[in-house]
Amino acid sequence: MLTAFLRRYTARAYRQWEQSLQHPQKAQQRTLHQVLILQARLPHQTSVRHNSFQAELACLRQLPLQTYEDLPELSCLTHQAPLFYELTSGSSGAKKRIPYTRPLLSSFTQMFLCWAHDILVTLQQQGRPFAGGQVYFSVSPQFHDSLDEADRGLTDDSDYLTGLTARLFERFRAAPSSLRYLQNPEHFWDVLALALLRAPQLEVISVWSPSFLRVLQQHIQQHGRRLADLLAQPVLFYENRPFKLPVPSPLRQRRLRETLQWLALQDPLSPTPVWVWAQCFPHLKLISAWGAENAARDFEALRADFRFAFVQEKGLLATEAPLTIPSVQQGGFLPLPQAVFYEFIPLNRQGQPLLTTQPLLLHELTPGEAYELVISQKSGLLRYRLKDRVRVTALRGSTPYLRFEGRSEALCDLVGEKLNAMFVAQGVQHCYPRERVCVMPRLSPAGYVLVADQALEVADLESYFLESPHYCNARKLGQLQALHLLVIPQWPRFVQQFFVTQRHMKLGDIKDQVFYYREQDGQLLQYLLARACL
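Bear in mind that the values here come from a model prediction, so they are computed numbers and not experimental data.

The rules we used
- Residues numbered from 1 in each chain as written.
- Predicted model: local features only at pLDDT ≥ 70, side-chain atom pairs only at ≥ 80, totals over all residues.
- Heavy atoms only, no water.
- Helix = DSSP H or I, 4+ residues; strand = E, 2+ residues; numbered from the N terminus.
- Buried < 20%, exposed > 50% of the residue type's maximum accessible area, 1.4 Å probe, protein only.
- Contact = heavy atoms within 4.5 Å.
- Areas by Shrake-Rupley, 256 points an atom, 1.4 Å probe, with all protein chains shown as cover.
- Salt bridge = Lys/Arg side-chain N within 4 Å of Asp/Glu carboxyl O.
- Phe/Tyr/Trp six-rings, centres within 6.5 Å; stacked < 30°, edge-to-face > 60°.
- Lys NZ or Arg CZ within 6 Å of the ring centre and 35° of its normal.
- Pairing = 2+ DSSP bridges.
- Axes fitted to C-alpha atoms, helices over the stretch in contact; angles between N-to-C directions.
- Arc of directions from axis to C-beta.

*Asks:* Can you tell me about the overall build of the protein, naming the residues and giving the values?
*Replies:* The helix and strand inventory of the protein stands at 16 helices and 19 strands. The burial tally for the protein puts 56% of its 534 residues in the buried class. A separation of at least 24 residues holds for 68% of the contacts in the protein among residues at least 6 apart in sequence. Per element, the accessible surface of the protein, about 23600 Å² overall, is 50% carbon and sulfur.

*Asks:* Which residues make up the pattern of salt bridges, and what values go with them?
*Replies:* Taken as a whole, this structure holds 13 salt bridges when the rule is applied. A salt bridge links R303 to E300; the nearest nitrogen and oxygen atoms lie 3.3 Å apart. Taken together, the positions of R303 and E300, both in helix α11 (residues 296-305) and three residues apart, correspond to about one turn of that helix. One salt bridge in this structure joins R383 and E343, with 2.9 Å as the shortest N-O distance. Taken together, the residues span a long stretch of sequence, with R383 in the loop between β12 (370-376) and β13 (384-396) and E343 in strand β11 (residues 341-346) at a distance of 40 residues. Here R383 falls in the buried class, since its relative accessible area comes to 4%. Taking relative accessible area as the criterion, E343 reaches 1% and is therefore assigned buried.

*Asks:* Can you break down the packing of aromatic side chains residue by residue, with the values?
*Replies:* Two aromatic rings, taken as a pair, are described by how far apart their centres are and by the angle between their planes. In the structure shown here, the tally under the stated rule is 29 aromatic pairs. For the pair W277 and F306, a centre-to-centre distance of 6.1 Å together with 35 degrees between the ring planes defines the contact as tilted. Taken together, the positions of W277 in helix α10 (residues 274-280) and F306 in the loop between α11 and β8 (310-313) put the pair 29 residues apart, joining distant regions of the chain. No difference in accessibility class separates W277 from F306, as the two residues are buried. The residue whose ring lies beneath R97 is Y85, and the NZ or CZ to ring-centre distance is 4.1 Å.

*Asks:* Any chance you could break down the sheet that holds strand β17 (residues 437-442) for me, citing the residues and the numbers?
*Replies:* On the basis of which strands lie adjacent, the open sheet formed by three strands has the order β17-β18-β19 and mixed pairing. Two strands bound the open sheet, and with one partner strand each, they are β17 and β19 (484-487). Averaged over all neighbouring strand pairs, the angle between strand axes comes to 30 degrees, with direction disregarded. Alignment of strand β18 (residues 447-452) against β19, held across four bridges, turns out to be parallel. Paired with L450 across the bridge in β19 is L485. Its contacts with the sheet place helix α16 (residues 523-532) against β17, β18 and β19, and it is angled at close to 120 degrees to β17.

*Asks:* Quick rundown of helix α12 (residues 421-431)? Include the residues and the values.
*Replies:* Within the sequence span of α12, burial applies to A421, F423, V424, G427, V428 and C431. Projected down its long axis, α12 shows its buried positions confined to an angular sector of 160 degrees, all on one face. Along its buried surface, α12 packs onto β16 (419-420), β17 and α13 (459-465).

*Asks:* Give a description of the pairing of β8 that names residues and reports values.
*Replies:* Side chains F310 and Q312 of β8 all project onto a buried face; the interleaved residues V311 and E313 project onto the opposite face, where all are buried too. In this sheet, β8 lies alongside strand β7 (residues 286-289) in parallel orientation, the contact comprising four bridges. Of the residues in β8, the one forming a bridge with A289 is E313.

*Asks:* Pulling in residues and values, what's your account of the sheet that holds β8?
*Replies:* Read from one edge to the other, the open sheet built from four strands follows the order β3-β4-β7-β8, with strand pairing classed as parallel. Looking along the sheet, the strands with just one partner apiece sit at the ends: β3 (134-138) and β8. On average, each strand axis in the sheet is tilted by 10 degrees relative to the strand beside it, whichever way the strands run. Strand contacts of helix α7 (residues 210-222): β3, β4 (202-207) and β7, with the helix running at about 125 degrees to β4, the strand carrying the most contacts.

*Asks:* I'd like to hear about the environment of G368, residue by residue, with values.
*Replies:* You can see G368 is positioned in the loop between β11 and β12. When the C-alpha positions of G368 and R391 are compared, they lie 6.4 Å apart, and in sequence the two are 23 residues distant.

*Asks:* Residue-level account of the environment of L336, with values.
*Replies:* By the secondary structure assignment, L336 is in the loop between β10 (332-335) and β11. Classification of L336 by relative accessible area gives buried; the value is 0%. Those residues in contact with L336 that lie beyond four places of it in its chain are W17, M111, P322, L323, T324, I325 and Y342.

Given below as structure tokens:
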């Protein structure tokens, strides 16, 4: 009964989305019209049929392409009052603030309803229908002490939802919303682990970075015996806050306790059998997580550990707007023509955006080609360069399937920390004004390495990196290791050798860098480590 109701409730948004996919140009015309009216660039009484698409497009394109640094004061972005500001990492500093208005939140709600309907139908077809159990939706919690209340923004994925959809979601919430107030990461993992283990019927887990769930698994493995002792405690107290969690039945407590105690006796470096996670989360049917680029390894590890559930890769979801939906029923990642207005900058053979050419529209793209995304959304960001790149994998009529390809800007994102080259360079200049150093990513364990030709203190640079909210969260959650020092005398010579011998570059083409953000495959670091051992 409940599943049938949820399918009916989400069906309307899904049908509207399907119609927008069939006629993307018409859907984009309506969306552009709404965006321009919301920003008071058209009179409110103007109808779509009275204004031609070309006229409204010309109105929009009077504005130049913009990055965050090009925007006016945030208070001037929109005539609507922002409900809050969401933080994300900017290209020239530690953070940027994105205003969230009701129309923008409605766009996210539309995305959620379309995705939810697609998943409900898919799980039904797979023979494991959603039975009305609990759902855990999360983005990384904010452990950044300096944040103002207005900047705390979204605390979990459900905050994207509005109206009846938000109220419905509360019925299925698996973890207490007061988790957001915990400042100690160990306390956070304790309460989250117990909330999910003790949930009567946990069916869905949605996390952004798969490493988030991997760290939770490690916490359960390392603290299984202690967590087992807390299974029957109805109220837990952390940081002077009570957390009332459901108490499992005696049979469920016994099975969980046996599993957790067995897990505590195992070698933490050995693979955990699938049956352990099936015992911990016996009703789990879906895990939704990001799976592109650097997240691919952890995403595949989740697929291996949770073979009894459907592990689905998320679509492209930016802080600024929802961009694509991962649709099983439609066969790929598809845009939301009815919610966001898209433009696409072509790339040259070197992968650089052709900023002097007119961006293409959603229905004008070519299969196989890659583009840089530009969006106009409903909280005031117009012709906004996200610097996300997508590739058109196929067409559904005139609507492209879009696969995330990476970022255009100088940024490294191993687990969601979004560490920017300019931000890193400023920190290095401040901490080491006279030393020869560089920073490069390390894949396993995930983190960053400061390479120097002499022993240096890294604490100040690590403190500087922690000013970035995403880096701070990733460190406190255990997704990233602390900044590590690697001393290699004459390291610049070895870096040059690497690019000449391994990448076949000419010496004149090799540029000195403070942050080797592109070297995320680990080859440069391995090359330097080998030289350090000589």
